[in-house]
Amino acid sequence: MLIKKAIDTNVLVRLLVDDNPKQSQCVYELMQSCYEQKNTLFVSSLVILELMWVLLSCYDFSRDEVIEAITNILNLSILEIEYQTSIQRCLQLAKGNTYDLSDLLIGCVAQNNQYDITLTFDKKASNSELFQLLNTTL
């Protein structure tokens, strides 16, 4: 019986930044094994969201570098990405503006689930077509 496996954010971090040689080698071997055995690994949208934050906050990736890194992850055939279409749309919308990547992903996932708009108190996010500023004068 095949045991289906998911991966955590730190596995993708090792793949992208190679900051721990032993762990990075383990990830490369895992990926190679999955490829050879035609297995997939599940990556939740929460892992992608956390990965964006980690790369920006802890590894000083630029916004463009994060977009490129996530795009490369989406192209790995051995990864089954939750809400992949929403993540791809998020990355497309992220080009040419300064909205927070996490906000864009939240809005894209909401739309993927048939919600037209995400209500927010975040004034910057509310300038995006995905969001509407929640009025505090109610």
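Below is a summary of the structure that appears in this document. (Residues numbered from 1 in each chain as written. Predicted model: local features only at pLDDT ≥ 70, side-chain atom pairs only at ≥ 80, totals over all residues. Heavy atoms only, no water.)

### Describing the overall build of the protein chain
No. 1: Each helix and strand counted, the protein chain has six helices and five strands in total.
No. 2: Secondary structure of the protein chain in N-to-C order comes out as β-α-α-β-α-α-β-α-α-β-β.
No. 3: On the principal axes, the C-alpha backbone points of the protein chain span a range of 55 × 35 × 25 Å.
No. 4: Sorting the 138 residues of the protein chain into buried and exposed places 39% on the buried side.
No. 5: A sequence separation of at least 24 residues applies to 54% of the contacts in the protein chain between residues at least 6 apart.
No. 6: Working note: accessible area of the protein chain is about 8,700 Å², and carbon and sulfur atoms make up 52% of it.
No. 7: When the 10 basic and 17 acidic side-chain charges of the protein chain are each reduced to a single mean position, those positions are 3 Å apart. (Helix = DSSP H or I, 4+ residues; strand = E, 2+ residues; numbered from the N terminus. Buried < 20%, exposed > 50% of the residue type's maximum accessible area, 1.4 Å probe, protein only. Contact = heavy atoms within 4.5 Å. Areas by Shrake-Rupley, 256 points an atom, 1.4 Å probe, with all protein chains shown as cover. Lys, Arg positive; Asp, Glu negative; His and termini not counted. Charge placed at Lys NZ, Arg CZ, Asp CG, Glu CD.)

### Points about unusual backbone geometry
The general pattern is negative phi for most residues beyond glycine and trans for most peptide bonds.
No. 1: Of note in this structure, Lys38 is not a glycine but carries a positive phi near 60 degrees.
No. 2: Even without being glycine, Gln114 reaches a positive phi, approximately 75 degrees.

### A look at the layout of surface pockets
No. 1: The calculated volume of the largest pocket comes to roughly 260 Å³.
No. 2: Forming the boundary of the largest pocket are 13 residues, of which Ile3, Lys5, Asn39, Thr40 and Leu41 lie nearest the centre.
No. 3: Broken down by secondary-structure element, the contributors of at least two residues to the lining of the largest pocket are helix H2 (21-37) and strand E2 (41-43).
No. 4: Across the lining of the largest pocket, the residue classes break down as six nonpolar, four polar and three charged. (1 Å grid on protein atoms, 1.4 Å probe; cavity = no way out; pocket = protein on both sides within 12 Å on 5 of 7 lines; lining within 4 Å. Points joined across faces, edges and corners; volume = space filled by probe spheres on them. Nonpolar A, V, L, I, M, F, W, Y, C, P; charged D, E, K, R; others polar.)

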